[in-house]
Structures are given as C-alpha cells and as structure tokens.
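Each chain, letter by letter, is given below.
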Amino acid sequence: MGSDPIFKYQILLLMSLQLSLAYIMRDLSWTNLFIASYCLGAVATSGLMAGVHDISHNIAFGNGRPLLNRLFGILANLPTAFPSSIAFKKYHILHHRYMGVEEIDPGLPTKFEAWIFCNSIAKVVWVILQPFFHAIRPMVINPLTPSGLEILNIVVQLAFDYLVVQFWGLKSLVFMAASTILGTGLHPLAGHLIADHYMLEEGCETYSYYGPGNWLTFNVGYHNEHHDFPSIPGSKLPLVKKIAAEYYDNLPYHTSWTKGLFPELEWREKSYIVLDLGDYTNKSTTRPKYPEIKKLMGSDPIFKYQILLLMSLQLSLAYIMRDLSWTNLFIASYCLGAVATHGLIVGVHDISHNIAFGNGRPLLNRLFGILANLPTAFPSSIAFKKYHILHHRYMGVEEIDPDLPTKFEAGIFCNSIAKVVWVILQPFFYAIRPMVVNPLTPSGLEILNIFVQLVFDYLVTKFRIETVPCLLMQRIAMIEMD
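Predicted model only: the values in this text are computed from it and were never measured.

This next bit is on the packing of helix α18 (residues 326-352) against helix α20 (residues 381-393). Running from N to C, α18 and α20 cross one another at 60°; their axes reach a closest spacing of 9 Å. In terms of orientation, α18 lies oblique with respect to α20. Along this stretch, α18 crosses α20, giving a crossing that reads as right-handed. The segment α18 lies against α20, with V348, H349 and S352 engaging S381, F384, K385 and H388. Of the residues in the contact of α18 with α20, the class split is 2 nonpolar, 4 polar and 1 charged.

Rendered as structure tokens:
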C-alpha cells in the first residue's frame, strides 16, 4: 500500500502526449479530427481517466499528502477538457462504500435509465451516451454540496480550455473533449466501465480483466483486487493476484473489454439494475402470497380529518395553557400535549407516504404535511419526507440510514447514565443526524415549510407569549416518550 514513485511521471507523460496531439490536430479537417479523437486521443484520455481514478486513492503522493494528490488530480484533468477530478473523488468514495446499493452507488445505472433504454437498440444508444450518464448520475441520485476544491477544479479547467482556444484554436479543444466523450462511450477501452461491476453471474458484483488493456490504464482491470485493496497502486495489483491466487483464480473474470460492451445488451436478464424493488425487500415474498394486500394501498379517506382533529386539539391545549404557571405548563406539555404531538408526528410520517391524498397528488400531500406541522412548533415535514426515503431504502446501512445512531453518538454515550442523557437529547440528535450523515440540498418546499412555520410561530407568540414554549416542550416530551 502507499504511493507509486513513477506513477506521477507516467501521468505527466500521458498529459504531454495528449496535449501534443491536441496541438497537431489544430489544422486537421473536422472528419480527420474526430477519427483521430477516437483512434488516438481516446486511448491517451482513457489512461488519464484511469490515472485520475488512482490519484483519487492517493497513489501519486501517498495517503499522508491528500491535498497534493487533489491538486495533482486537477492538473491531470486538464487534457480531458472537463473538470471532473475532485467531484470524481467525492462520489467514488460512495461507490466503494456502498457498492451495489441502488441509488447511492453512482456506478449503477438508475431505474430511469433501465426503463428508458429497454431494448437492444436503445441500450447501444445508452452505451454511446454513457459519458453523460456517468457524469450526471451522481449529482442526481445523491447530490452533495460542491467543495472549494471542486470550484477550483472548474475554474482552472475553464481557464485552461480558454487558453487552448486562444493559442491553438477551437479544434484543439474539440479534439480533447471528443477524445474524452468518445473514449468513455462506445470504445474498447471504455468496456471496463461496464465490465467492472455489471452482475453477469448471480452473487458476483465485481469482475476483473487481465488482458492487454491494462497496459494502457494502470491495471484498472484488476478490479476485484482493487476493491479489496484500494490503496495499493495499480502497478502492484498483478502481484496481489499472484499472492492470493487461490482466491482470485476462482472468481469469474472478463477476457475482453470489447465484448464487455455487448453483454450489456442483455442486462435485463443478467444485471441487478432492472430488478423490481421487491427483489431486495420483503415485498417479493408477500405480494405473490397475498395479492389482496395490494388492494389496501392508497389513501385513507378519513385520515386527513383525524389530522385536523389532532391539530385542533393541540392548538386548543396551547391556547388553554396561556395562563398557566411555567411549572404546570411543562407538566401539561409532558402529560397532555406530548400525546397529541405524538399523533401529529406519526401523522406527518404517514403523510410522507402520501396517505392523505394518495400517490397521484404528491404536492397536495406535501402541503398538507406543512399544515399538520404547525402545532409542533418546528418545521420538519418536508425534510422528514426526504430523509425518511433513505431510511426505507437503506435501512440498517450505517451512515446512510438516518434512524441509526452514529458512531460518534455510540462513542460518547457509552454507559448507562450517558445513554439516559442520550434518550433525553434524542429530539436533537433525531433532527440533526440526517443533515450530518448525509446532507442533502434543501428544496423549495423545505424553505416554504420553514417560512410558514416561522410565520405561524411568530403569530402565536404575538398573541400570547406562553403558547410557543408550550408547543416546544410538548414536541420535545413527545419524542422522549417515543
């Protein structure tokens, strides 16, 4: 494990090669330029992209100098024409951590892709368009806030592209961009993007390739070995296979990346990306046995009126409490208000599953959730919906299921007394944890939820100061009783 002392020089050599080709192409016809992009530039770019992958694992300067690796990744990025190195690092961690987990592993096609590209011709189109899906998919399924280094990556790349056009002309930049797009689409060396992880045999999610394509891509084909030891440089992965031959020799592997492009045309039968949701939840066992359960799905016609009744009860209690002493107010919050709030919070949970107005009217359910939120004093309905989806989808997966206490919580609250404190503080951890373990960009509806709640709390306070503390204490007591 660690850095490879000659790796950085190999990257610099590939950069020099690609930039020299870009300079030479400045006077070629457009037809010859695109042919050269596919036959020559795409080969160099494939090496650079594989190099950026290795740089994301700190192979250039070792794990002790992460910033130097990030900056070198930005440099290696330049001849590809697109700013991707820093963002790739960020999302590639998710691929290693949640490999095979749908809608979090950015290496997996989404169900939308599987639905759109559902026949052989459409799948050829998908392979051609793979660079676009590979770039956009991570930001769609699990958008993460851009870092300062990502912004730097973009600024440096755009400045470099501008200088290429200014000094060498537009064709040089087009050559670089076309090399990247063609080299990650329907190209022999791009076969590894499919061959690495598409499940062609039941129970095996990662496949290696041991052919000559590795000579041009820093042994990225040794993919089982890489996932087992991601900090080992690509140059040493053949040695890993040799040392652990009794393990790796018995695993299925690819003999050709070019062939790897075309088994994809059979992904409906062989790949897990188009399996029904029931294949990884208990729906697959209950639906065939009890089809009548499906008839129970949909909205509950009286549910919304139960919510309105609970809202009226809680707001009435809040009004009654306006003249109580603070001591009696807190006692009433715990004994009465927390019960009503508990019902409302459970109701907000059901509203997040569209029980109020059915799946056909999601916006109406979201707005009703904002309304049901009001007597709880905190704006949580829309954010709860967003993170609760993760709980259902990744239940039990640490650092992605927002209902699981974090390792930090477990480390701090590690004895009986501390755990009592944790239970008391549970409302705060329950609210903050999702935004820590997997922060997602706030939506317009979340901002509306916050605005409406703050206006409502202001109006309640304006008319009587004691009412809002009452609502707050009831909400906190409710969570502690749960």
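Right, let's talk about helix α7 (residues 130-141) for a bit. The end-to-end C-alpha distance of α7, which contains 12 residues, comes to 16 Å, matching closely the 16 Å that a straight helix rising 1.5 Å per residue would cover. What α7 keeps buried is the set Q130, P131, F133, R137, P138 and I141. Buried residues along α7 sit against α4 (85-97), α5 (111-116), α6 (120-128), α9 (170-183) and α10 (192-195).

Another point: the environment of V437. With respect to the element layout, V437 can be found in helix α23 (residues 426-437). Along the backbone, V437 and E399 are 38 residues apart, and their C-alpha atoms lie at a distance of 5.3 Å. Excluding residues that lie within four positions of it along the chain, V437 makes contacts with E399 and T406.

Scanning the entire structure with this criterion turns up 2 cavities of 30 Å³ or more. In this model, the largest cavity occupies a volume close to 50 Å³. Along the walls of the largest cavity sit H53, D54, F218, N219, V220, H226, I232, P233, G234 and L237, which together make up its complete lining. Here the residues of the lining of the largest cavity sort into 5 nonpolar, 4 polar and 1 charged. Taken as a whole, the second largest cavity spans an internal volume of roughly 40 Å³. For the second largest cavity, the full set of lining residues is G107, W126, Q130, H134, R137, L193 and Y198. Classifying every residue of the lining of the second largest cavity gives 3 nonpolar, 3 polar and 1 charged.

On the UniProt side, "transmembrane region" (unreviewed entry) is annotated at positions that read residues 32-51, 71-88 and 326-348 here. Helix makes up 100% of residues 32-51 and strand makes up 0%, while its end C-alpha atoms are separated by 27 Å. With 100% helix and 0% strand, residues 326-348 has its two end C-alpha atoms placed 28 Å apart.

This model, assessed by the stated rule, comprises 13 aromatic pairs. Taking the centre distance of 5.1 Å and the plane angle of 75° together, the rings of F7 and F218 count as edge-to-face. You can see F7 sitting in helix α1 (residues 7-24) and its partner F218 sitting in the loop between β1 (208-209) and α11 (223-228), a full 211 residues away along the chain. You can call F7 buried: its relative accessible area is 2%. When its relative accessible area of 15% is taken as the criterion, F218 is described as buried. Three or more aromatic residues joined by ring pairs form one cluster here, namely Y210, Y222 and Y253.

We now examine a nonpolar patch on the surface. Taken together, the side chains of I417, V420, V421, I424, L425, F428, I432, M435 and V436 make up a nonpolar region of the molecular surface, amounting to roughly 850 Å² of accessible area. Elements with a minimum of two residues in the nonpolar patch: α22 (416-424) and α23. Following the sequence through the fold, I417 ends up in helix α22.

Packing of helix α19 (residues 362-373) against helix α24 (residues 444-463) brings their axes to within 10 Å, and their N-to-C directions diverge by 30°. One way to sum up the angle between α19 and α24 is to call them roughly parallel. Handedness of the crossing formed by α19 with α24: right-handed. Contacts between α19 and α24 pair L363, R366, L367, I370 and N373 from the former with L445, L448, N449, V452 and Q453 from the latter. Within the contact of α19 with α24, the residues separate by chemical class into 6 nonpolar, 3 polar and 1 charged.

Calculation notes
Residues numbered from 1 in each chain as written. Predicted model: local features only at pLDDT ≥ 70, side-chain atom pairs only at ≥ 80, totals over all residues. Heavy atoms only, no water. Axes fitted to C-alpha atoms, helices over the stretch in contact; angles between N-to-C directions. Helix = DSSP H or I, 4+ residues; strand = E, 2+ residues; numbered from the N terminus. Parallel < 35°, antiparallel > 145°, perpendicular 65-115°, else oblique. Left-handed = near helix turned anticlockwise from the far one by under 90°. Contact = heavy atoms within 4.5 Å. Nonpolar A, V, L, I, M, F, W, Y, C, P; charged D, E, K, R; others polar. Expected span 1.5 Å × (residues − 1). Buried < 20%, exposed > 50% of the residue type's maximum accessible area, 1.4 Å probe, protein only. 1 Å grid on protein atoms, 1.4 Å probe; cavity = no way out; pocket = protein on both sides within 12 Å on 5 of 7 lines; lining within 4 Å. Points joined across faces, edges and corners; volume = space filled by probe spheres on them. UniProt positions renumbered as here; feature names shortened; annotations may be inferred. Phe/Tyr/Trp six-rings, centres within 6.5 Å; stacked < 30°, edge-to-face > 60°. Patch = residues over 30% accessible without salt bridge, like charges linked within 9 Å, V, L, I, M, F, W, Y side chains within 5 Å. Areas by Shrake-Rupley, 256 points an atom, 1.4 Å probe, with all protein chains shown as cover. Salt bridge = Lys/Arg side-chain N within 4 Å of Asp/Glu carboxyl O.

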